[in-house]
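Coordinates in review
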Amino acid sequence: MTYDLISPVDGSVTGTMTEAGAAEVDAAVGNARAALAGPWGQLSAPARADALRAVADGIRARFDEFVEAEMLDTGQPRHVMEKAFVPRGAANFEFFADLTKNVPTESFETVGPHGERALNYAVRRPKGVIGVICPWNAPFLLMTWKVAPALACGNAVVVKPSEQTPRTATLLVEVIDKAFADIGVPGGVYNVVHGFGPGSAGEALTTHPDVDAITFTGETVTGTAIMKAAAEGVRDVSFELGGKNAAVVFADADLDDAVDGVFRSGFLNTGQVCLGTERVFVERPVFEEFRDRLVARCEAVRYGRPTDPETTYGPLISHEHRDKVLGYYRAAVEAGATVVTGGGVPDLPIELAGGAWVEPTIWTDAPDDASILHEEIFGPCVHLTPFDDEAAVIDAVNATPYGLATSVWTTDLSTAHRVAGAIDVGIAWINSWFLRDLRTPFGGAGQSGIGREGGVHGLEFYTETKNVCVQL
Ligand code: NAD
């Protein structure tokens, strides 16, 4: 079956994809299994690292094609792709190439109860065939963030990109197959299947008995379905899920930095960032100034095509997602929130009118039980709440089943550490946001995820550690 790809920018059809069914997924998993038994399975860690570095070079050699593909799929401005999302894709391969080459393993000299002496040592082995299920919001960055460590550890992968953003995953097949062919490794290490989730390629992949482990980034409700599928055969999962992240701005914060950081965290990628902020708590003495300055930033965005260098703000990913976001915009008003700016669909020229556009939106005064304060919207919108008391604001921030990220804005060192320490999240930024070091653990607490990827932390998921005990 085929399906159309729709431009988020203007609603036009930009391409057609063929959906994989159970048979195609089975073939892809079979290819991956065969690759593990072939030359790929024989490569040493340093040789795999060289191969991954060649992939990074291959991405850079075709940089513009990746940028164009990602712009076409997501509608986001060129500068975001050029400065962040595509370079990070290449960097992911380089980073994990270096990392896995240099990971030490543990060993112990043992003396048994009867004086026997033994040497215990641990070795890491690839887990096997990894199913990689990806979202649409930063497709290339998030996909390579999983594929690179999986391959660096010696696994083979079957990737299912989001049905809405299939292009960069497809382009990567050419890059990887070429880089690997150059060292005598045939295709099949990196496989891509296209299609939807339930009843389609996603479900076929996660229920396939020959997939050894599943790494997934997406909504918490999807993660629940995938975890049920992975329970059959007791397969391991690594989940990066949704969030309802908060920023806390203290009155002593550098307001230029705080406004800039919260603006980026709320509105970069049109708010479609898992680490993004949808709840902002501002200490009362600076509340009005902060609100007004954030509003000014929102009202200065420049709508436009991703290819236009003047564009600073793109559309949502799809009309379906826009319906969801606009549902929350209506719910906010019905709940009695004040719309400080935005709240609807912008008035755009006719050539963009068919796109999935919404205005950047700021609310205040929503009642505590309003859905916009509790549910992940994944759109360009934040709610601002004034606060007076540190303990109360920590309780308010933690009043969510999610626990992905937070940012704390203050010039007081003790406050910064105390508050960051008390917020229940996987990632806490102080006076910054989205500043990432690939060596650090990445993942969410609570319903925001299972496990940590990044640096050596991902190795626990992408490898099996085997202990060997040798009596001496
Ligand atoms: P989604 O869960 O709807 O879809 C993600 C992927 O899962 C898609 O490829 C989809 O086809 C597939 N899928 C859906 N149902 C499936 C099923 N039953 N079985 C197998 N596969 C299935 O998520 P989305 O809308 O693409 O992405 C947005 C979500 O991703 C947000 O909730 C966001 O917070 C989250 N996200 C989290 C992180 C993180 O690092 N924590 C990063 C980016 C996005």
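You'll find the structure just up there.
To start, this report covers the structure provided alongside it. (Residues numbered from 1 in each chain as written. Predicted model: local features only at pLDDT ≥ 70, side-chain atom pairs only at ≥ 80, totals over all residues. Heavy atoms only, no water.)

Brief notes about a nonpolar patch on the surface
A cluster of nonpolar residues, Tyr121, Val470 and Leu472, forms a patch on the protein surface that exposes about 270 Å² of accessible area. Considering the arrangement of structural elements, one finds tyrosine 121 in strand β4 (residues 117-126). (Patch = residues over 30% accessible without salt bridge, like charges linked within 9 Å, V, L, I, M, F, W, Y side chains within 5 Å. Areas by Shrake-Rupley, 256 points an atom, 1.4 Å probe, with all protein chains shown as cover. Salt bridge = Lys/Arg side-chain N within 4 Å of Asp/Glu carboxyl O. Helix = DSSP H or I, 4+ residues; strand = E, 2+ residues; numbered from the N terminus.)

So, the nonpolar core
Grouped together as the largest cluster of nonpolar side chains are 86 residues, with contacts concentrated most on Phe93, Leu151, Leu172, Phe180 and Leu275. Excluding residues within four positions of it along the chain, phenylalanine 180 makes contact with Trp40, Ala51, Leu52, Val55, Leu151, Val185 and Val189. Within the second largest apolar cluster, 39 residues are counted, among which are Val249, Cys298, Ala332 and Trp409. (Core = buried A, V, L, I, M, F, W, Y, C linked by side-chain atoms within 4.5 Å. Buried < 20%, exposed > 50% of the residue type's maximum accessible area, 1.4 Å probe, protein only. Contact = heavy atoms within 4.5 Å.)

Regarding the sheet that holds strand β6 (residues 156-160)
Pairing is mixed across the open sheet formed by six strands, whose spatial order is β7-β6-β5-β8-β9-β19. Here the strands that pair on one side only, and so sit at the sheet edges, are β7 (190-192) and β19 (449-450). Summarising the sheet, strand β5 (residues 129-133) and β6 pair through five bridges and their orientation is parallel. Residue pairing in the sheet places isoleucine 130 in a bridge with valine 157 of β6. Seen against the sheet, helix α1 (residues 22-37) touches β5, β6 and β7 and runs at an angle of roughly 160 degrees to β6. (Pairing = 2+ DSSP bridges. Axes fitted to C-alpha atoms, helices over the stretch in contact; angles between N-to-C directions.)

Considering helix α10 (residues 255-267)
Over its 13 residues, α10 extends 17 Å from the first C-alpha to the last, a length consistent with the 18 Å expected when each residue adds 1.5 Å. Considering only its buried residues, α10 is in contact with β10 (245-249), β11 (277-283), α11 (287-299), β13 (361-364), β14 (381-387) and β16 (405-409). The N-cap of α10, judged by a side-chain oxygen 3.0 Å from the amide nitrogen of aspartate 256 a few residues on, is aspartate 254. Looking one or two places after α10, you find asparagine 269, whose phi comes out positive at around 60 degrees. (Expected span 1.5 Å × (residues − 1). Polar contact = N/O pair within 3.5 Å; in protein donor to acceptor, adjacent residues only side chain to side chain.)

Details of the sheet that holds β11
Within a sheet, adjacent strands bond to each other through the backbone by hydrogen bonds, running parallel or antiparallel. Pairing is mixed in the open sheet, where seven strands are placed in the order β12-β13-β14-β11-β10-β16-β17. Each end of this open sheet is capped by a strand with a single partner; those strands are β12 (338-341) and β17 (427-430). Across the sheet, the mean angle separating the axes of adjacent strands is 25 degrees when strand polarity is ignored. Direction of pairing for β12 relative to β13: antiparallel, over a ladder of three bridges. What sits directly across from threonine 341, in β13, is isoleucine 362.

Quick notes on unusual backbone geometry
Positive phi outside glycine occurs at threonine 270, with the angle close to 55 degrees. Structurally, threonine 270 is set in the loop between α10 and β11. In this model, phenylalanine 378 sits at a positive phi of 65 degrees, which is unusual for a non-glycine residue. Position of phenylalanine 378 among the secondary structure elements: in the loop between β13 and β14. Classification of phenylalanine 378 as buried rests on a relative accessible area of 12%.

Thoughts on helix α6 (residues 139-152)
The end-to-end C-alpha distance of α6 is 20 Å, a good match for the 20 Å that 14 residues give at a rise of 1.5 Å each. Of the residues one or two after α6, glycine 154 is the one with positive phi, at around 95 degrees.

Thoughts on the site of the ligand
Neighbouring the ligand are 29 residues; Cys134, Glu163, Thr222, Leu241 and Glu376 lie closest to it. With respect to the ligand, the side chain of lysine 160 contributes an N or O atom lying 2.9 Å from an oxygen atom. Here a nitrogen atom of the ligand sits 2.7 Å away from a polar atom, N or O, in the main chain of leucine 241. Contact with the protein chains hides 92% of the accessible area of the ligand, taken as 850 Å² for the molecule alone. In this structure the site holding the ligand corresponds to the largest pocket. Only α8 (201-206), β8 (213-217) and α9 (220-231) provide two or more residues apiece to the shell around the ligand. (Near = heavy atom within 4 Å. 1 Å grid on protein atoms, 1.4 Å probe; cavity = no way out; pocket = protein on both sides within 12 Å on 5 of 7 lines; lining within 4 Å. Sits in = over half its atoms within 2 Å of the grid points.)

Digging into the layout of surface pockets
One number sums up the size of the largest pocket: a volume of about 910 Å³. Residue lining of the largest pocket: 37 residues in total, with Trp136, Glu163, Phe216, Glu219 and Thr222 positioned closest to the centre. If you tally residues by element for the lining of the largest pocket, the top one is α9, at five residues. Split into classes, the residues belonging to the lining of the largest pocket amount to 16 nonpolar, 13 polar and eight charged. In this structure, the second largest pocket is lined by 18 residues; those nearest its centre are Phe281, Asp368, Leu373, Thr385 and Ala396. Contributions of two or more residues to the lining of the second largest pocket are made by β11, β14 and α13 (390-398). Counting residues per element, the lining of the second largest pocket draws most heavily on β14, which supplies five residues. Looking at the lining of the second largest pocket residue by residue, the classes come out as ten nonpolar, three polar and five charged. (Points joined across faces, edges and corners; volume = space filled by probe spheres on them. Nonpolar A, V, L, I, M, F, W, Y, C, P; charged D, E, K, R; others polar.)

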